[in-house]
Amino acid sequence: MTIPSVPAAAAPLRDDRRVVLVVAILSSFVVGLDSSVVNVALPAVRDELGGGLVVQQWTVDAYLVTLGSLILVAGSLSDLFGRVRIVTWGLVVFGLASVACAVAPTGEVLVVARALQGVGGALVTPSALALIVAAFRGAAQAKAIGAWTAWSSASTILGPVVGGLVVDGIGWRWIFVLTAVPIAVTIPLVRRISSEVRVGPRARVDVVGAVLAVVGVGGVVLGLIEQERLGWGAPVVVAALVVGGAALVAFVPWERRTAAPLVPLELFRARNFTVGNLATLSIYGALGMVFFVVTLFLQEVWRFPAWVAGIATLPPTVMLLLLSTTVGSVAGRWGPRWFMAAGPAIAAVGALLMLVAGDEPVGYWWSVLPGLVLIGVGLALMVTPLTSAVLGSVPQSEAGAGSAVNNAIARIAGLVMVALAGVVLGGGVGVAGLHRAMVVMALLLLAGAVVSAVGIRNARAEYGAANAS
């Protein structure tokens, strides 16, 4: 099933297209930036607040746990209360939490504030993309999603550059103040959108499903991170893994029987939705690990200053900005299948190139740099077609839920791989750990490529009809 090809007048936000696109890009940019900008600040956070690798992991994952699990609830809230309203709420919560992060006196306070940031991010993310789906149709929609994808994805990789300059210049706390700037610009723009989009009242928000999702994801991540400090046999680790696993197992049966499911399971009847989300699981798991590990490696092993490490990880951003909009337009005409297959495969080659990296920083030029360039090319080829394939397989009325599911899977995949970083790295960052991480990343990317090549269907007739509108 694809988004129905309907007359342009049926787009409820047609008159607000430009504002909607800017709001969607800025909102998602803030969320993506904060997902990654903190990576380059982790050594400085550890030096000031202590806690070692465990605090570093939780500084990243506390944000991703609430973002990844509550994003499903936000999809339902978006459909129920309106996408413009939910975006506004999310930006306000995000801004307040950013201030709390900036003034955090201890690692524990920072982790709690990061979790609150994730709540705001969860409210913003599905509604921002659903606004684009509501405002645009046909080829214009594919191009708009391409622009949104380019900037949203670039923000997650641009973060280390901005963060590095801020950390070395005025201190790590200011990276959280930085996020208030686009928020201050975006909220007035949201108020300029003249109409609201809501699907209609549902019986209720799935509170039980939300609790199961948060406990399930949070418990598993808690166990994976704390095992590094306490060991696999520690009661806290065992209990967290058992409770988290049990909650995840109970989630699907509950969703099948509840009247207003957090995840509408009927969406998975669409082949491209199911396959696209499987590809998302492996691809974004790989990406979550690579940028966490590479950023730490450059600073803690090669001793790059934070701003140099940020610039050193810039190539994927450049590739995304140069290629994503064009790829979105071409994939809109030809279908997503081979873009989704080729992109991860090229990125996997980039990951394997980093196996050449050794103890000497000069190795950056023939290992990390070309590897990151290929990863960027792969990202540009796959991200927009992947988003279009997933959202193009659900009806517009379910765009909020469909976007929420896909974003949740992407965030959860990344946070689980960051949680596993201690296992893969062997408890610390080093050359051998980097090599293991790159092998794991390459295998995950290749799995995503195979799943896409075998499972995705282009449905050319449907794409042609959509583009003709």
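Residues numbered from 1 in each chain as written. Predicted model: local features only at pLDDT ≥ 70, side-chain atom pairs only at ≥ 80, totals over all residues. Heavy atoms only, no water.

Student: Honestly, the side chain of Thr 280 in this entry has me stumped. Any pointers?
Tutor: Position of Thr 280 relative to the elements: it lies in helix α11 (residues 271-300). Filtering out sequence-adjacent residues up to four positions away, Thr 280 remains in contact with Gly 285, Leu 386, Asn 406, Ile 409, Ala 410 and Ala 413. (Helix = DSSP H or I, 4+ residues; strand = E, 2+ residues; numbered from the N terminus. Contact = heavy atoms within 4.5 Å.)

Student: What am I meant to see in the nonpolar core here?
Tutor: One broad rule of soluble globular proteins: the nonpolar side chains tend to lie buried together. Counting residues in hydrophobic clusters, the biggest one holds 133 residues, and the most contacted among them are Leu 287, Val 290, Ile 375, Met 438 and Met 441. Those residues in contact with Met 438 that lie beyond four places of it in its chain are Val 290, Val 294, Ala 351, Met 354 and Leu 355. (Core = buried A, V, L, I, M, F, W, Y, C linked by side-chain atoms within 4.5 Å. Buried < 20%, exposed > 50% of the residue type's maximum accessible area, 1.4 Å probe, protein only.)

Student: Help me out: how do you make sense of the packing of helix α4 (residues 83-102) against helix α8 (residues 180-190) in this one?
Tutor: The relative placement of two packed helices comes down to the angle between their axes together with the axis-to-axis distance. In contact at an axis separation of 10 Å, α4 and α8 are set at 160° when each is read in the N-to-C sense. The angle between the axes of α4 and α8 places the two elements in the roughly antiparallel class. Of the two elements, α4 crosses α8, and the hand of that crossing is left-handed. Across from Val 84, Val 87, Thr 88, Leu 91, Val 92, Phe 94 and Gly 95 in α4, the residues of α8 making contact are Ile 183, Thr 186, Ile 187 and Val 190. (Axes fitted to C-alpha atoms, helices over the stretch in contact; angles between N-to-C directions. Parallel < 35°, antiparallel > 145°, perpendicular 65-115°, else oblique. Left-handed = near helix turned anticlockwise from the far one by under 90°.)

Student: I tried to follow the packing of aromatic side chains on my own but got confused; where do I start?
Tutor: One pair of aromatic rings is described through two measures. These are the centre distance and the angle between the planes. The full count for this structure, using the stated rule, is seven aromatic pairs. Ring centres of Trp 302 and Phe 304 lie 5.8 Å apart, and the angle between their planes is 40°; on these two criteria the pair is classed as tilted. (Phe/Tyr/Trp six-rings, centres within 6.5 Å; stacked < 30°, edge-to-face > 60°.)

Student: What is the right way to look at the pattern of salt bridges in this model?
Tutor: Using the criterion set out here, one finds three salt bridges in the structure. Where Arg 46 meets Glu 300, a salt bridge forms, and the shortest distance between an N and an O atom there is 3.2 Å. Of this pair, Arg 46 sits in helix α2 (residues 42-49) while Glu 300 sits in helix α11, placing them 254 residues apart in sequence. The exposure class of Arg 46 is partly exposed, given its relative accessible area of 29%. You can call Glu 300 buried: its relative accessible area is 19%. Taking the shortest distance from any N to any O, the salt bridge between Arg 173 and Glu 48 comes out at 2.7 Å. With Arg 173 in the loop between α6 (138-169) and α7 (174-178) and Glu 48 in helix α2, this residue pair connects regions lying 125 residues apart in the sequence. (Salt bridge = Lys/Arg side-chain N within 4 Å of Asp/Glu carboxyl O.)

Student: Mind showing me how you'd approach a nonpolar patch on the surface here?
Tutor: Residues Val 207, Val 211, Val 215 and Val 243 make up a contiguous nonpolar surface patch of roughly 310 Å² in combined accessible area. The element best represented in the nonpolar patch is helix α9 (residues 207-230), accounting for three residues. Along the chain, the position of Val 243 falls in helix α10 (residues 235-257). You can call Val 243 partly exposed: its relative accessible area is 46%. (Patch = residues over 30% accessible without salt bridge, like charges linked within 9 Å, V, L, I, M, F, W, Y side chains within 5 Å. Areas by Shrake-Rupley, 256 points an atom, 1.4 Å probe, with all protein chains shown as cover.)

Student: Help me understand helix α14 (residues 337-353), please; the structure alone is not making it clear to me.
Tutor: Residues lying three or four places apart along an α-helix face the same way, a consequence of the helix completing one turn every 3.6 residues. The terminal C-alpha atoms of α14 lie 25 Å apart, and with 17 residues this matches the ideal 24 Å at 1.5 Å per residue to within 8%. Of all the positions in α14, only Phe 339, Met 340, Ala 341, Gly 343, Pro 344, Ala 347, Ala 348, Gly 350 and Ala 351 are classed as buried. Looking at the buried positions of α14, the neighbouring elements they touch are α11, α13 (315-334), α15 (368-391) and α18 (431-455). (Expected span 1.5 Å × (residues − 1).)

Student: Please explain the packing of α13 against α15 as it appears in this structure.
Tutor: At a minimum axis separation of 7 Å, α13 and α15 run at an interaxial angle of 30°. The angle between α13 and α15 places the two elements in the roughly parallel class. Of the two elements, α13 crosses α15, and the hand of that crossing is right-handed. Facing α13, whose interface residues are Pro 315, Pro 316, Met 319, Leu 320, Leu 323, Ser 324, Val 327, Gly 328 and Ala 331, α15 presents Leu 369, Leu 372, Val 373, Gly 376, Val 377, Leu 379, Ala 380, Leu 381, Thr 384 and Pro 385. In terms of residue class, the contact of α13 with α15 is built from 15 nonpolar, four polar and no charged. (Nonpolar A, V, L, I, M, F, W, Y, C, P; charged D, E, K, R; others polar.)

Student: Any chance you could explain helix α5 (residues 107-135) here in plain terms?
Tutor: With 29 residues, α5 extends 42 Å between its outermost C-alpha atoms, agreeing within 8% with the 42 Å of an ideal straight helix rising 1.5 Å per residue. Taken across its 29 residues, α5 has 22 buried, putting it largely inside the fold.

Student: I keep staring at the environment of Leu 267 and nothing clicks. Help me out?
Tutor: As for its position among the elements, Leu 267 is in the loop between α10 and α11. In this structure, the C-alpha to C-alpha distance between Leu 267 and Val 390, residues 123 residues apart in sequence, is 9.9 Å.

In short, the description is geometric, and any link to function would need to be established separately.
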